[in-house]
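A closer look at the structure
What follows is each chain in one-letter form.
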Amino acid sequence: MAFTIYTHDSWGAVAVGNFPTLPEAQDAFKTLCSDPWYQQDGTVKALELTQDSSQGHRERLAWFAFG
């Protein structure tokens, strides 16, 4: 199983990282949520951590919206 982090903005969603294990993905997700650039940019609206299935489906594991 793989895990992916996506950014969400006005134009859609973009994958910013793929990880083989959940702990690696969770660490990266926490780091991005607290990253000053993402917090101050203004165009990135949210981050999403998903679990990817072999059939191409995504299951959301975590969501963080920037205020």
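Given the structure is predicted, the values throughout are model-derived calculations rather than measurements. (Residues numbered from 1 in each chain as written. Predicted model: local features only at pLDDT ≥ 70, side-chain atom pairs only at ≥ 80, totals over all residues. Heavy atoms only, no water.)

1. Some points on the packing of aromatic side chains
Rules: Paired rings are identified among Phe, Tyr and Trp, the last through its six-membered ring, by centres lying within 6.5 Å, and are further divided according to the angle between planes into stacked (under 30 degrees), edge-to-face (over 60) and tilted (the rest). Burial classes: relative accessible area under 20% of the type maximum marks a residue as buried, over 50% as exposed, and values in between as partly exposed (1.4 Å probe, protein chains only). A ring has a charge above it when a Lys NZ or an Arg CZ is no more than 6 Å from the ring centre and no more than 35 degrees off the ring normal.
Here the structure, examined in full by the defined rule, presents 3 aromatic pairs. With a centroid separation of 5.1 Å and an interplanar angle of 85°, the aromatic rings of Trp37 and Tyr38 are classed as edge-to-face. Given a relative accessible area of 13%, Tyr38 falls into the buried group. Ring centres of Phe64 and Phe66 lie 5.1 Å apart, and the angle between their planes is 80°; this geometry places the pair in the edge-to-face category. Here Phe66 falls in the buried class, since its relative accessible area comes to 14%. Aromatic ring contacts, followed pair by pair, group Trp37, Tyr38, Phe64 and Phe66 into a single cluster. Of note, Arg58 hangs over the ring of Tyr6, and the distance from its end group to the ring centre comes to 4.1 Å.

2. Some thoughts on the sheet that holds strand 1 (residues 2-9)
Here is the rule we go by: Any two strands with at least two DSSP bridges between them are considered paired. Secondary structure elements follow DSSP: runs of H or I no shorter than four residues count as helices, runs of E no shorter than two count as strands, and numbering proceeds from the N terminus. To get an axis, a line is fitted to the C-alpha atoms, and for a helix only the part in contact is used. The angle between two axes follows their N-to-C directions and goes from 0 to 180 degrees. Every residue pair with non-hydrogen atoms within 4.5 Å of one another is taken to be in contact.
Read across the sheet, 4 strands follow the order 2-1-3-4 without closing on themselves; strand pairing throughout is antiparallel. Both edges of this open sheet fall to strand 2 (12-19) and strand 4 (58-65), since each of them pairs with a single strand only. Ignoring strand direction, the axes of neighbouring strands in this sheet form an average angle of 25°. Of the strand pairs in this sheet, strand 1 and strand 3 (residues 44-52) are connected by 8 bridges, and their pairing is antiparallel. Note on strand 3: the bridge partner recorded for Thr4 is Thr50. Sheet strands touched by helix 1 (residues 22-33): strand 1, strand 2, strand 3 and strand 4. Its angle to strand 3, the strand with the most contacts, is close to 175°.

3. Focus: helix 1
The cut-off we apply is this: What a helix is expected to span follows from its residue count: subtract one and scale by 1.5 Å. Each C-beta atom gives one direction from the helix axis, and the arc is the one those directions make.
The end-to-end C-alpha separation of helix 1 is 16 Å, in line with the 16 Å expected for 12 residues at 1.5 Å each. Buried within helix 1 are the following residues: Ala25, Ala28, Phe29, Leu32 and Cys33. One side of helix 1 holds all its buried residues, which, seen down the axis, span an arc of 135°. Residues of helix 1 that are exposed and point over 90 degrees away from its buried face: Pro23 and Lys30. On its buried face, helix 1 sits against strand 1, strand 2, helix 2 (36-41), strand 3 and strand 4.

4. Description of the pairing of strand 4
Pairing geometry for strand 3 and strand 4, over 7 bridges, is antiparallel. Within strand 4, the residue paired with Leu47 across the bridge is Phe64. Between strand 3 and strand 4, which pair antiparallel one after the other, the connecting turn spans 5 residues, and Gly56 there sits at a positive phi close to 90°.

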